[in-house]
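A look at the structure
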Amino acid sequence: MYFPRARMAVESFKLVENDLFREKELRSMLEEAGSRQVKDVISDIRAQVAANNKGIALMEDLMSSEGAARVQKYMKEIQNTAAVSVQDMLRRISIERGLKPKDSVYAEDFMDNGLRIKLKLTIDRDLGTAEFDFAGTSAEVYGNLNAPRSVVTSAVIYTLRSLVDTDIPLNQGCLDPVSILLPKGSMLSPSENAGVVGGNVLVSQRVTDVVLLAFGAAAASQGCMNNFTMGDENIGYYETIAGGSGAGPDWDGASGVHTHMTNTRITDPEILEQRYPVLLRKFLLREGSGGVGLHPGGEGVEREIEVSFSQFSAFAYALFGGCFLIFSLRYTGDVPSDCLDPLGAPCAQTLGFKRRWPWSLWGELHCEEGRKRNFLRREEYSCFAAWRCHSNLHSWRWRIRSTALSTD
């Protein structure tokens with residue numbers, strides 16, 4: 001059975017009009033897009049509307065008690081304080097790095113498929129300003145590893161606030177002394193039709209690592225939010241799995257934590273197993289994955305989940321012993337042409353996906369020796385499948401078992 005995939009891209013939609021939540025129109029859009037859990041999505045959006053209304057109410061109370069002029073004055077002062085704090089930080093780093101009054105430093109990193117994120121950071125010590133120039137970054141790609149400007153800006157402001165050694169609230173003033181240059185048509189400034197879902201959850205982490213590298217502030221962290229999602233036509237589950245943080249000049253990296261652009265909490269095992277047809281088999285630190293050095297990086301994690309849907313539509317049934325597949329979930333482009341299932345079909349087609357998958361499959365097929373038989377037809381076999389996603393700092397595994405119907 002085909003998985004419906006949401007195809008909803010909204011440029012502008014009036015969600016609340018005349019104090020009325022436009023649920024009917026929103027529901028129609030979600031259903032047309034193929035959303036599996038419309039009720040849950042609407043509940044989430046209602047919660048966001050409620051949060052906005054709470055903020056409006058609090059702001060009105062503040063304006064009423066203190067007066068608009070006084071509130072706006074202090075808001076401006078908060079931004080000015082942030083700007084001065086960032087300027088002081090830029091001057092301090094310029095001196096500590098032994099830079100000229102106006103000088104540049106360079107940094108780059110690569111995605112798993114070779115895409116380059118390149119940065120030229122120019123600091124003007126006299127003015128207390130910085131220019132982040134991402135010229136030389138790879139062009140927009142056919143896939144989802146593109147990041148809109150807002151993602152890059154978020155990574156920059158996060159890094160600036162992290163490097164400031166004064167206690168200030170995060171606000172727009174942090175960006176006043178800096179400029180961000182993004183080459184049009186690059187993966188960091190893509191066209192409006194480009195896929196960007198991987199930009200928010202993966203590219204953002206690599207951009208943060210590159211900015212920290214340019215400042216010489218910390219070693220790379222896990223470089224990915226380690227997104228894990230599963231489901232069928234009725235349910236969906238999503239979580240981000242922790243990893244190891246990078247070490248610094250005088251500290252070791254933290255182990256098994258969410259870093260940088262990731263701020264979610266992972267689901268408690270009891271809740272996970274209660275609400276979904278899964279068993280959490282393993283969740284532990286990967287010993288030795290943080291590397292070695294004067295200050296080692298944090299240890300990554302390994303998470304193993306067994307899924308036991310009674311019928312999982314991405315797989316068919318097994319005959320005559322079935323087979324065993326292993327794939328690495330790393331963005332590597334197309335599935336290798338020599339990766340075939342027992343009937344000679346590409347592995348990605350075995351799983352019911354198109355040959356070019358958003359995260360791309362890369363792996364091998366292993367059939368159990370001594371039990372290879374003729375398959376009656378392609379729909380009559382299934383597999384024990386395991387996905388592994390790992391790098392030097394993190395690892396997770398997803399196992400799926402489906403009922404094998406064997407006749408001998």
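This text goes with the structure placed above it.
The structure reproduced in this document is the subject of the present report. Throughout this document, residue positions are counted from 1 along each chain, in the order its sequence is written. Only residues with pLDDT of at least 70 are given local features in this predicted model, and only at 80 or more are side-chain atom pairs given and counted; all residues enter the totals for whole chains, interfaces and linings. Water and hydrogen atoms play no part in the side-chain values, which are based on all heavy atoms of the structure.

Another point: the overall build of the protein. Only DSSP runs of H or I reaching four residues or more are called helices, and only runs of E reaching two or more are called strands; each is numbered from the N terminus. Within the protein, the regular secondary structure consists of 7 helices and 14 strands. When accessible area is computed with a 1.4 Å probe and restricted to protein chains, residues below 20% of their type maximum are described as buried, those above 50% as exposed, and intermediate ones as partly exposed. Within the span of the protein, comprising 408 residues, buried residues form 40% of the whole. Sequence-distant contacts, at least 24 apart, represent 68% of the contacts inside the protein between residues at least 6 apart. Working rule for contacts: check all heavy atoms of both residues, and any pair within 4.5 Å makes them a contact.

This part is about the pairing of strand 7 (residues 227-231). Counting buried residues along strand 7, 4 of its 5 residues qualify, which places the element largely inside the surrounding structure. Where strand 7 and strand 8 (residues 236-240) come together, 5 bridges link them in antiparallel fashion. Paired with M230 across the strands is Y237, a residue of strand 8. Between the end of strand 7 and the start of strand 8, which pair antiparallel, lie 4 residues. Strands were regarded as paired on the criterion that DSSP finds at least two bridges between them.

Two numbers describe how helix 4 (residues 149-163) lies on helix 5 (residues 197-215): the axes approach to 9 Å, and their chain directions differ by 40°. Between helix 4 and helix 5, the crossing angle belongs to the class labelled oblique. Considering the relative orientation of helix 4 and helix 5, their crossing is right-handed. Contact with helix 4, carried on its side by V151, V152, A155, V156, Y158, T159, L160 and L163, involves G199, N200, S204, V207, T208, V211, L212 and F215 of helix 5 and no other residues of that element. To obtain each axis, a line is fitted to C-alpha atoms, and for helices this fit is confined to the stretch in contact; angles are then taken between N-to-C directions over 0 to 180 degrees. Throughout, the term roughly parallel applies to angles under 35 degrees, roughly antiparallel to angles over 145, roughly perpendicular to angles from 65 to 115, and oblique to all others. Here is the rule for handedness: rotate from the far helix to the near one, and if that takes an anticlockwise turn smaller than a right angle the crossing is left-handed, while a clockwise turn gives right-handed.

Let's shift gears to the nonpolar core. Proteins that are soluble and globular tend to have nonpolar side chains buried together. Take the buried Ala, Val, Leu, Ile, Met, Phe, Trp, Tyr and Cys residues and link them wherever side-chain atoms come within 4.5 Å; each set so joined is a nonpolar core. Counting 48 residues, the largest nonpolar core has F132, F134, L188 and F215 as its most contacted members. Here this core takes 9 residues from helix 5, the largest share from any one element. Once you skip the residues sitting within four places of it in the chain, F134 turns out to touch I117, K118, L119, V152, I180, L181, L182, P183, L188, V207 and V211. Core analysis: the next-biggest nonpolar cluster, separate from the first, contains 10 residues, M230, Y237, I241 and L280 among them.

Moving on to helix 4. Expected helix span is computed as 1.5 Å times (number of residues minus one). When the terminal C-alpha atoms of helix 4 are compared, their 21 Å separation across 15 residues agrees well with the 21 Å that a helix rising 1.5 Å per residue should span. Inspection of helix 4 places V151, V152, A155, V156, I157, T159, L160 and L163 among the buried residues, and these make up the whole buried set. In the core, the buried residues of helix 4 are packed alongside helix 3 (68-96), strand 5 (129-133), strand 6 (178-181) and helix 5.

A cluster of nonpolar side chains, contributed by M59, L62 and M75, occupies part of the molecular surface with about 220 Å² of accessible area. Here L62 is to be found in helix 2 (residues 38-66). Residue class for L62 comes out partly exposed when judged on its relative accessible area of 36%. Patch members must show over 30% relative accessible area and no salt bridge, and they are joined within 9 Å when carrying like charges or within 5 Å when they are nonpolar side chains of Val, Leu, Ile, Met, Phe, Trp or Tyr. Areas reported here follow the Shrake-Rupley algorithm with a probe of radius 1.4 Å; residue values treat only the protein chains shown as occluding. Definition used for salt bridges: Asp or Glu carboxyl oxygen within 4 Å of a side-chain nitrogen of Lys or Arg.

A separate point is the layout of surface pockets. Both site types are read off a 1 Å grid over the protein atoms alone. A 1.4 Å probe that fits but cannot get out defines a cavity, while an open set with protein on both sides within 12 Å along at least five of seven lines defines a pocket; lining residues have an atom within 4 Å of a point. Grid points are joined across faces, edges and corners, and a volume is the space filled by probe spheres set on the points. As a volume, the second largest pocket reaches approximately 360 Å³. Lining the second largest pocket are 18 residues, and of these L163, A217, A218, P249 and W251 lie nearest its centre. Sorting the residues of the lining of the second largest pocket by element identifies helix 3, helix 4 and helix 5 as the ones contributing at least two each. In this count, Pro and Cys sit with the nonpolar residues alongside Ala, Val, Leu, Ile, Met, Phe, Trp and Tyr, while Asp, Glu, Lys and Arg are called charged and the others, Gly among them, polar. Classifying every residue of the lining of the second largest pocket by side-chain character gives 9 nonpolar, 6 polar and 3 charged.

A few words on the pairing of strand 3 (residues 102-110). In this sheet, strand 4 (residues 116-124) lies alongside strand 3 in antiparallel orientation, the contact comprising 9 bridges. Paired with K102 across the bridge in strand 4 is D124. Hairpin connection, strand 3 to strand 4: the antiparallel pair is bridged by 5 residues, and G114 has positive phi, about 95°.

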